[in-house]
Amino acid sequence: MGSSGRLFNRQTTVHEILGGGLVADVILWRQKNVTGGILLAALASWVVFERSGYTLLSLFSSVVLLLVAILFLWAKSAAILNRPAPPLPELHLSEEMANEVASFIRTHVNDFLSVSQDIALGKDTRLFFKVAGYLLLISIVGGLTDFVSLCYTSLVITLTIPALYERHEDFIDKYVKMGYEKSQQLYVNFDVECIGRIRKWILEKQKLS
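What counts as what
- Residues numbered from 1 in each chain as written.
- Predicted model: local features only at pLDDT ≥ 70, side-chain atom pairs only at ≥ 80, totals over all residues.
- Heavy atoms only, no water.
- UniProt positions renumbered as here; feature names shortened; annotations may be inferred.
- Helix = DSSP H or I, 4+ residues; strand = E, 2+ residues; numbered from the N terminus.
- Rg over C-alpha atoms; globule rule 2.2 N^0.38 Å.
- Lys, Arg positive; Asp, Glu negative; His and termini not counted.
- Charge placed at Lys NZ, Arg CZ, Asp CG, Glu CD.
- Expected span 1.5 Å × (residues − 1).
- Buried < 20%, exposed > 50% of the residue type's maximum accessible area, 1.4 Å probe, protein only.
- Phe/Tyr/Trp six-rings, centres within 6.5 Å; stacked < 30°, edge-to-face > 60°.
- 1 Å grid on protein atoms, 1.4 Å probe; cavity = no way out; pocket = protein on both sides within 12 Å on 5 of 7 lines; lining within 4 Å.
- Points joined across faces, edges and corners; volume = space filled by probe spheres on them.
- Nonpolar A, V, L, I, M, F, W, Y, C, P; charged D, E, K, R; others polar.

In the nomenclature of an unreviewed UniProt entry, the chain is known as Reticulon-like protein of Ricinus communis. Taken directly from UniProt, the Subcellular location (unreviewed entry) text for the chain runs: "Endoplasmic reticulum membrane".

Structural data, given as structure tokens:
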């Protein structure tokens, strides 16, 4: 907390923190039609998964199968009736694009392997506990819900919490700062009352021994 009254003593707005572009506009409901459409589409997808019994893989496979079947029948009927074939774009992966994707994957895989090596060799204790905490959190959340519900819930949180915070920023910052200062006071009191007594007791035991 800083003296400016804002969380983390920041000088930038929520919109700037989120990038200041179209993504920030969507998250903060400045493009209401787009944001509402995303939420409705996500809700419809969640209902489909929950009610139909489809999994993400089975639904993807079914949609691709339907698309391939339609294109196949369209092409066959067009050849028989002497009609134009389906207007498909040229499906081709350029060498430049392949190299960019490979470079991107290689960079991130190397970063992951480097971090994994540091953790395995005990070089970074703080990083180990941070990664272990994240993995434990993912394990707990994964045990409480399925992947689709987790994605939908995360999307709803992303499209609601930042917008609500921006709208009530002064109010939230004020009470969070008060809570932070109160917790600091409680910690100081705990340190004086409990930790201080323990230290005094240890010193007395050392003198007696």
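That covers the picture; the talk isn't over yet.
*Asks:* Tell me about the overall build of the chain, residues and numbers included.
*Replies:* Across its full length, the chain holds nine helices and zero strands. When the helices and strands of the chain are placed in sequence order, the string is α-α-α-α-α-α-α-α-α. Since a compact globule built from 209 residues should have a radius of gyration of about 17 Å, the 28 Å found for the chain marks it as more spread out than a globular shape. Viewed in the frame of its principal axes, the chain has a C-alpha envelope of about 105 × 45 × 40 Å. Counting 20 positive and 19 negative side-chain charges, the chain places the centres of these two groups 9 Å from one another.

*Asks:* Describe the UniProt feature "transmembrane region" (unreviewed entry) in the chain, listing the residues and the values that go with them.
*Replies:* Per the UniProt entry, the sites bearing "transmembrane region" (unreviewed entry) are residues 33–49, 55–75 and 132–165 in this numbering. This span, residues 33–49, is 100% helix and 0% strand, and a straight line between its end C-alpha atoms measures 24 Å. Summarising residues 55–75: 95% helix, 0% strand, and an end-to-end C-alpha distance of 30 Å.

*Asks:* Go over helix 6 (residues 125–144) with me, naming the residues and quoting the values.
*Replies:* Its 20 residues place the ends of helix 6 29 Å apart at the C-alpha level, agreeing with the 28 Å of an ideal helix rising 1.5 Å per residue. For helix 6, the tally of buried residues reaches only zero of 20 residues, placing the bulk of the element at the surface.

*Asks:* Let's hear about the packing of aromatic side chains: which residues, and what values?
*Replies:* A full pass over the atoms with the stated rule returns three aromatic pairs. Considering the side-chain rings of W46 and Y152, the 5.7 Å spacing of their centres and the 15° angle between planes classify their relative orientation as stacked. Of this pair, W46 sits in helix 3 (residues 32–52) while Y152 sits in helix 7 (residues 147–158), and the two are 106 residues apart along the sequence.

*Asks:* Before we move on, can you summarise the layout of surface pockets with the specific residues and values?
*Replies:* The calculated volume of the largest pocket comes to roughly 190 Å³. Forming the boundary of the largest pocket are L28, W29, K32, L159, T160, A163, L164, E166 and R167. Sorting elements by how many residues they give to the lining of the largest pocket places helix 8 (residues 161–167) first, with four residues. Tallied by class, the residues present in the lining of the largest pocket amount to five nonpolar, one polar and three charged.

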